[in-house]
Amino acid sequence: MIDLRSDTVTRPSAAMRDAMHAAPVGDDVWGDDPSVARFEAAVAERAGKAAALLFPSGTQSNLAALLAHCQRGDEYLAGQQAHTYKYEGGGAAVLGGIQPQPLEHAEDGSLPLERIRAAIKPDDFHFARTRLLALENTIGGRVLDPDYVAAATALAREHGLATHLDGARLFNAAVASDTSLDELCAPFDSVSLCFSKGLGAPVGSALAGSRELIDSARRWRKVLGGGMRQSGIIAAACHHALDHHVADLAGDHRRAARLAEGIRALPDLEVAYQATNMVFLRIPEPHVAPLRAWLAARGILVELLYATRLVVHRDLDDDAIERVLEALGEYFTRH
Ligand SMILES: *Cc1c(COP(=O)(O)O)cnc(C)c1O
């Protein structure tokens, strides 16, 4: 099977399973798991923050961050397409009484400074208290311009807002822009990182930030049901990914570029853009269902309804990309 639906479909490698098997564990709710402690220290160091905390998912990591930054009646600014706004079931509003203020993105995925400025509410009891700016990097596979990030976070600070980064794929951004992780994290008070996507761990995310913020997030994690016991087994997988899989993301990016190049040569299928490990397509609507079925019959899974994107990851090699291009080519010579 060649699965291009998401980079979450990656399976733990034999070496990662060995690391999980060998991990010393304890009850992490009691603070007794040495593998979790080691992993959290490593993440904090890589992110350049004082502390970090393991979470079962990126959704919970983002939510705990929002709950730690904001009180009931506060609001956070985020993009219309941001995961923290659109893809997390409205968790901050549902569980925290925190109002989202979604903003339209610019073409490159950023939130224009003038829209951020206009959305920050004055101190007036008619309004929710604007408390936090939440950005996402990568956003739709695209790496945020570092000058933009500097300006947006400076603007937030100027208005007394805290800043959170949903860095589910921040390692992709770091590798693609040849920038260290801590440099990308530096402008933000908190950063959420996923290990279960392109990095290949079966589960696991981490939140990094100040000691105080992480202490608060730890309380919220327990409230949200995310206090885990012998979670060193998960931390060991994530730690293995941190130590051994980050550089491999460059291969994913190269293969995504090759996939985009091959698709550009096909009639009827347009590449909207390719960035890091994602290729976004424009497909004439009548082709969507038949193309999906055609590919599925050839062992190629794509998700073209929810998002017209193909996602490259570490379980796909050069051969797999060529097979996808062949299958796409055949489809369009026959339809
Ligand atoms: C995947 C993802 C998350 C977290 O998702 P989980 O499935 O809950 O781990 C958060 N933000 C972005 C941008 C993501 O792609």
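Looking up the chain in an unreviewed UniProt entry gives the name Low-specificity L-threonine aldolase, with the organism given as Halomonas alimentaria. As recorded by UniProt, the Sequence similarities (unreviewed entry) comment attached to the chain reads in full: "Belongs to the threonine aldolase family." If you open the UniProt record of the chain and go to Subunit (unreviewed entry), you find "Homotetramer."

Colleague: How do you make sense of the domain arrangement of the chain when you look at a structure like this?
Modeller: The parts lose accessible area when they come together, and the size of an interface is often stated as this lost area. Considered domain by domain, the chain is made up of domain 1 (14-245) and domain 2 (247-333). Measuring from the centre of the C-alpha atoms in domain 1 to the corresponding centre in domain 2 gives 29 Å. Each side of the interface is counted separately: domain 1 has 16 residues, and domain 2 has 14 residues. With both chains or domains summed, domain 1 and domain 2 bury close to 1300 Å², and 59% of this area falls on carbon and sulfur atoms. In terms of surface lost to domain 2, no three residues of domain 1 exceed Asn-172, Val-175 and His-245, which account for 37% of the buried area on that side.

Colleague: Just checking my understanding: could you explain the sheet that holds strand S12 (residues 309-311) for this structure?
Modeller: Taken in spatial order, the 3 strands make up an open sheet running S9-S10-S12, and their pairing is antiparallel. The open sheet terminates on both sides in strands that have one partner only, identified here as strand S9 (270-275) and S12. Within the sheet, the average angular offset between the axes of one strand and its neighbour, ignoring direction, is 20 degrees. By the bridge criterion, 3 bridges tie strand S10 (residues 278-282) to S12 in an arrangement that is antiparallel. If you follow Val-279 over to S12, its bridge partner there is Leu-310. Helix H12 (residues 249-264) rests against S9, S10 and S12 of the sheet, and its axis sits at about 165 degrees to S9.

Colleague: How should I be thinking about the site of the ligand in this particular structure?
Modeller: Ser-57, Gly-58, Thr-59, Asn-62, His-83, Glu-88, Glu-136, Asp-166, Ala-168, Arg-169, Cys-194 and Lys-197 make up every residue found near the ligand. The contact in question runs from an oxygen atom of the ligand to an N or O atom on the side chain of Thr-59, over 2.6 Å. Within the contact set of the ligand, a nitrogen atom lies 3.5 Å away from a side-chain nitrogen or oxygen of His-83. Taken by itself the ligand offers 380 Å² of open surface, and the protein chains cover 81% of this. Here the shell around the ligand takes 3 residues from helix H3 (residues 58-69), the largest share from any one element. Split by residue class, the shell around the ligand holds 2 nonpolar, 5 polar and 5 charged.

Colleague: Even after reading the chapter, I still don't get the UniProt feature "domain: Aromatic amino acid beta-eliminating lyase/threonine aldolase" (unreviewed entry) in the chain, so can you show me in this structure?
Modeller: Taking the UniProt record as the reference, the feature "domain: Aromatic amino acid beta-eliminating lyase/threonine aldolase" (unreviewed entry) is found at residues 3-283. Between the end C-alpha atoms of residues 3-283 the distance is 19 Å, and the span holds 42% helix and 19% strand.

Colleague: Explain empty space enclosed by the protein here, please?
Modeller: Once rolled over the atoms, a probe with the size of a water molecule shows which space is left empty. Counted under the stated rule, the structure contains 2 cavities of 30 Å³ or more. Roughly 50 Å³ of volume is contained in the largest cavity. Along its surface, the largest cavity is lined by Gly-79, Ala-82, His-105, Gly-109, Leu-111, Ala-134, Leu-135, Glu-136, Ile-139 and Leu-144. Among the elements that make up the lining of the largest cavity, the one with the highest residue count is strand S5 (residues 129-136) (3 residues). When the residues that make up the lining of the largest cavity are grouped by side-chain class, the tally is 6 nonpolar, 3 polar and 1 charged. As a volume, the second largest cavity reaches approximately 30 Å³. Grouping the amino acids of the lining of the second largest cavity by side-chain chemistry returns 5 nonpolar, 2 polar and 2 charged.

Colleague: Explain a negative patch on the surface to me, please; I cannot follow it from the model alone.
Modeller: Taken together, the side chains of Glu-107, Asp-108, Asp-145 and Asp-147 make up a negatively charged region of the molecular surface. Within the secondary structure, Asp-145 sits in the loop between S5 and helix H7 (146-158).

Colleague: Got a minute to help me understand the sheet that holds strand S8 (residues 205-209) in this structure?
Modeller: Paired through backbone hydrogen bonds, the strands of a sheet run either parallel or antiparallel to each other. With respect to topology, 7 strands assemble into an open sheet ordered S2-S8-S7-S6-S5-S3-S4, the strand pairing being mixed. Unpaired on one side and paired on the other, strand S2 (51-55) and strand S4 (99-103) mark the two borders of the sheet. The mean inter-strand angle of the sheet, taken between neighbouring strand axes irrespective of direction, is 20 degrees. Alignment of S2 against S8, held across 5 bridges, turns out to be antiparallel.

Cut-offs applied
- Residues numbered from 1 in each chain as written.
- Predicted model: local features only at pLDDT ≥ 70, side-chain atom pairs only at ≥ 80, totals over all residues.
- Heavy atoms only, no water.
- UniProt positions renumbered as here; feature names shortened; annotations may be inferred.
- Domains from an automatic or database assignment.
- Contact = heavy atoms within 4.5 Å.
- Buried area = accessible area lost by both parts, 1.4 Å probe.
- Pairing = 2+ DSSP bridges.
- Helix = DSSP H or I, 4+ residues; strand = E, 2+ residues; numbered from the N terminus.
- Axes fitted to C-alpha atoms, helices over the stretch in contact; angles between N-to-C directions.
- Near = heavy atom within 4 Å.
- Polar contact = N/O pair within 3.5 Å; in protein donor to acceptor, adjacent residues only side chain to side chain.
- Areas by Shrake-Rupley, 256 points an atom, 1.4 Å probe, with all protein chains shown as cover.
- Nonpolar A, V, L, I, M, F, W, Y, C, P; charged D, E, K, R; others polar.
- 1 Å grid on protein atoms, 1.4 Å probe; cavity = no way out; pocket = protein on both sides within 12 Å on 5 of 7 lines; lining within 4 Å.
- Points joined across faces, edges and corners; volume = space filled by probe spheres on them.
- Patch = residues over 30% accessible without salt bridge, like charges linked within 9 Å, V, L, I, M, F, W, Y side chains within 5 Å.
- Salt bridge = Lys/Arg side-chain N within 4 Å of Asp/Glu carboxyl O.
- Lys, Arg positive; Asp, Glu negative; His and termini not counted.
- Charge placed at Lys NZ, Arg CZ, Asp CG, Glu CD.

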